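Notes for the structure review
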Amino acid sequence: MKRALITGATSGIGKGVAIELARQGFTVVIHGRNDQKTSQVCEEIKTISGNTAVDYLVADLFLMEQVRKLAGEYHQRYGRLDVLVNNAGGLMSKERETTTEGIEKTMAVNVMAPFLLTGLLLDLLKNSPDGRIINVSSNSHKLNAKPDFSDLQLERGYDPLRAYGNAKLFLIWLTQQLSKQLKRQGIDNLTVNAVHPGAVATNFGVESNLGSVLKVMAKLARPFFRTAEQGADTLIYLASSDAVNGKSGLYFVDRKPANVTTTYYTEEREQLIWDYCDQLTKSLVA
Ligand SMILES: NC(=O)c1ccc[n+]([C@@H]2O[C@H](COP(=O)([O-])OP(=O)(O)OC[C@H]3O[C@@H](n4cnc5c(N)ncnc54)[C@H](OP(=O)(O)O)[C@@H]3O)[C@@H](O)[C@H]2O)c1
């Protein structure tokens, strides 16, 4: 039976993906950051999907030490992984905040955590006959990214949307870079793609201290947003459809490969982001 790990599956899009993959007969491991909430959602998913093969793991993905622990627990308890959905993430607060490990929070949860978790679970994914990694990015990479390559964590000029746009752009570049590495290694049983789920009415941005203007805009736009189930659709497609067999290194919107902005792209910058994540995560996690 195929096994999937979905991060940030306690609400919104991630929960929608977990319910549907459980319905399809996957063995599903959901991840959350709060034990009680994650355990409750786990039970809910079992009831809704009619599949009892749903389990959960807990970790705060702001912290790379906890990402390492999560990967270790996954290895120990399950030992097989076919689909990894790096979904946890979102917009952070109006003022720049860093984690106790010293990483800017938007960068930590949207970029560093998926980079490290993927790296630590890659051995299992490579063993899958049909491994798939899905990185949840955003159209915000086109609208809001404005990276400064000498100040990747925005110590100067922090703005929550800019930090978020940058993070989702970097996540797409990491997706492309990993796909190239896998191809170079001759690995054709594991694909990695990024996705924009659309504008989805979830908890996204609701709790964060974004400032009144952004909050009012988000509230006014909500009735036009997709439901979490609709937002989950392309992720579920990438996780389970035969139509995407062998497709890798792409950015999907509404089940179709879409253009990534080329404004800031060079091969050197893509490599620079990879090396930056590699060095920083190695410095934090032995
Ligand atoms: N909604 C949209 O319009 C939209 C558009 C484009 C992209 N996205 C992306 O879609 C993904 C899912 O977002 P969503 O809209 O479903 O939002 P959501 O309802 O807020 O769900 C986010 C999930 O990530 C978890 N999470 C957040 N920070 C975490 C941390 N530090 N450690 C562990 N877990 C953490 C949350 O846990 P808790 O339940 O504990 O808070 C929750 O399970 C995100 O990557 C987001 O950037 C969303």
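Residues numbered from 1 in each chain as written. Predicted model: local features only at pLDDT ≥ 70, side-chain atom pairs only at ≥ 80, totals over all residues. Heavy atoms only, no water.

1. Some words on the environment of serine 140
The topology assignment puts serine 140 in helix 5 (residues 140-143). Sequence separation between serine 140 and tyrosine 164 is 24 residues, and the spatial gap between their C-alpha atoms is 7.3 Å. Not counting residues within four places of it along the chain, the set of residues in contact with serine 140 comprises Ala145, Leu161, Tyr164 and Gly165. (Helix = DSSP H or I, 4+ residues; strand = E, 2+ residues; numbered from the N terminus. Contact = heavy atoms within 4.5 Å.)

2. Thoughts on the site of the ligand
Around the ligand, the surrounding shell holds 31 residues, and the nearest of these are Thr10, Lys37, Asn87, Tyr164 and Thr202. Take serine 11: an N or O atom from its side chain is 2.8 Å from an oxygen atom of the ligand. The contact in question runs from an oxygen atom of the ligand to an N or O atom on the side chain of lysine 37, over 2.6 Å. When the ligand is considered free in solution it has 880 Å² of accessible area, and contact with the protein chains removes 93% of it. When residues of the shell around the ligand are traced back to their parent elements, those giving at least two are helix 1 (12-23) and helix 6 (160-184). (Near = heavy atom within 4 Å. Polar contact = N/O pair within 3.5 Å; in protein donor to acceptor, adjacent residues only side chain to side chain. Areas by Shrake-Rupley, 256 points an atom, 1.4 Å probe, with all protein chains shown as cover.)

3. A few points about the side chain of threonine 261
Within the secondary structure, threonine 261 sits in the loop between strand 8 (256-257) and helix 9 (267-284). Among the polar contacts made by the side chain of threonine 261, one reaches the side chain of threonine 263 at a distance of 2.9 Å. Discounting chain neighbours no more than four positions away, the residues touching threonine 261 are His141, Lys142 and Leu169.

4. Here's the deal with the pattern of salt bridges
Under the definition given, this model contains 16 salt bridges. The partner of lysine 69 in a salt bridge is glutamate 73, with the nearest N and O atoms 3.7 Å apart. Of this pair, lysine 69 and glutamate 73 both sit in helix 3 (residues 64-77), 4 residues apart, roughly one helical turn. Residue classification places lysine 69 among the partly exposed positions, given a relative accessible area of 44%. Glutamate 73 sits in the partly exposed class, given a relative accessible area of 24%. The partner of aspartate 151 in a salt bridge is arginine 156, with the nearest N and O atoms 4.0 Å apart. If you follow the salt bridges from partner to partner, you end up with Lys2, Asp130 and Arg132 in one network. (Salt bridge = Lys/Arg side-chain N within 4 Å of Asp/Glu carboxyl O. Buried < 20%, exposed > 50% of the residue type's maximum accessible area, 1.4 Å probe, protein only.)

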